[in-house]
Amino acid sequence: RSGIAQIKEVDVGESVGYGRTWFSSRKTKVAIIPVGYSDGFDRKLSNTGRVLINSKYFPIIGRIAMNMTMVDVTDISCKVGDSITLIGKSGVNSISAEEIAEKIGTINYEVISRINPSIPRLVIK
């Protein structure tokens with residue numbers, strides 16, 4: 001899990017992320033999450049992955065950077081500090097290591113082992 005660090009708005013036709021791989025087709029509210037590939041969140045999830053906010057799925061937009069990920073949150077009321085689920089369960093929905101592994105062409109063990117060891121772990125039984 002992580003939290004929303006910042007919220008920005010982009011106009012129609014503006015791009016988000018390195019390499020301008022995503023362009024807004026509407027006025028878009030973007031949540032910036034302080035998690036990137038240095039934390040083990042794979043760049044192959046750029047423009048294809050998703051996160052959970054309040055048990056609903058929201059798409060990752062643009063290219064995942066070293067220390068941040070952008071998410072389209074246009075259709076939800078959210079604020080800085082709100083919780084984001086990257087892997088795990090939120091309400092009735094979930095994102096598994098298996099789902100991520102399938103999207104990036106690897107196995108679930110690799111997804112989990114890439115999580116930066118400096119990130120705190122919390123085991124819930």
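Residues numbered from 1 in each chain as written. Predicted model: local features only at pLDDT ≥ 70, side-chain atom pairs only at ≥ 80, totals over all residues. Heavy atoms only, no water.

What to know about the sheet that holds strand β8 (residues 69–72)
Spatial strand order, β2-β5-β8-β7-β6: 5 strands in an open sheet with antiparallel pairing. Every other strand in the sheet has two partners, leaving β2 (6–10) and β6 (50–53) as the edge strands with one partner each. Mean inter-strand twist for the sheet, computed between neighbouring axes without regard to direction, equals 40°. By the bridge criterion, 4 bridges tie strand β5 (residues 28–33) to β8 in an arrangement that is antiparallel. Bridge pairing in β8 places I33 opposite T69. (Pairing = 2+ DSSP bridges. Helix = DSSP H or I, 4+ residues; strand = E, 2+ residues; numbered from the N terminus. Axes fitted to C-alpha atoms, helices over the stretch in contact; angles between N-to-C directions.)

Concerning the layout of surface pockets
The computed volume of the largest pocket comes to approximately 730 Å³. What lines the largest pocket is a set of 25 residues, among which R1, I87, I115, I119 and P120 lie closest to the centre. For the lining of the largest pocket, the secondary-structure elements that each account for two or more residues are β10 (88–90), α1 (97–104) and α2 (108–113). (1 Å grid on protein atoms, 1.4 Å probe; cavity = no way out; pocket = protein on both sides within 12 Å on 5 of 7 lines; lining within 4 Å. Points joined across faces, edges and corners; volume = space filled by probe spheres on them.)

Observations concerning the packing of aromatic side chains
Here the distance between the centres and the angle between the planes together describe a pair of aromatic rings. By the definition in use, this model includes 0 aromatic pairs. Over the ring of Y57 we find R50, and its NZ or CZ is 3.6 Å from the ring centre. (Phe/Tyr/Trp six-rings, centres within 6.5 Å; stacked < 30°, edge-to-face > 60°. Lys NZ or Arg CZ within 6 Å of the ring centre and 35° of its normal.)

Some remarks on α1
Among the residues of α1, A97, E99, I100, A101 and I104 are the ones counted as buried. Packing partners of the buried residues in α1 comprise β6, β11 (93–95) and α2. Downstream of α1 by one or two residues, G105 has phi in the positive range, about 75°. (Buried < 20%, exposed > 50% of the residue type's maximum accessible area, 1.4 Å probe, protein only. Contact = heavy atoms within 4.5 Å.)

Things to note about unusual backbone geometry
The backbone phi angle of R20 is positive, close to 50°, even though this residue is not glycine. With respect to the helices, strands and loops of the structure, R20 is situated in the loop between β3 (15–16) and β4 (22–23). Although it is not a glycine, S55 sits at a positive phi angle of roughly 70°. We classify S55 as buried; its relative accessible area is 17%.

Here we look at empty space enclosed by the protein
Counted by the stated rule, this structure contains 1 cavity of 30 Å³ or more. By volume, the largest cavity is sized at about 40 Å³. In this structure, the largest cavity is lined by F41, L45, G49, R50, L86, I95, E99, I100 and K103. In terms of residue count, the dominant contributor to the lining of the largest cavity is α1 (3 residues). Here the residues of the lining of the largest cavity sort into 5 nonpolar, 1 polar and 3 charged. (Nonpolar A, V, L, I, M, F, W, Y, C, P; charged D, E, K, R; others polar.)

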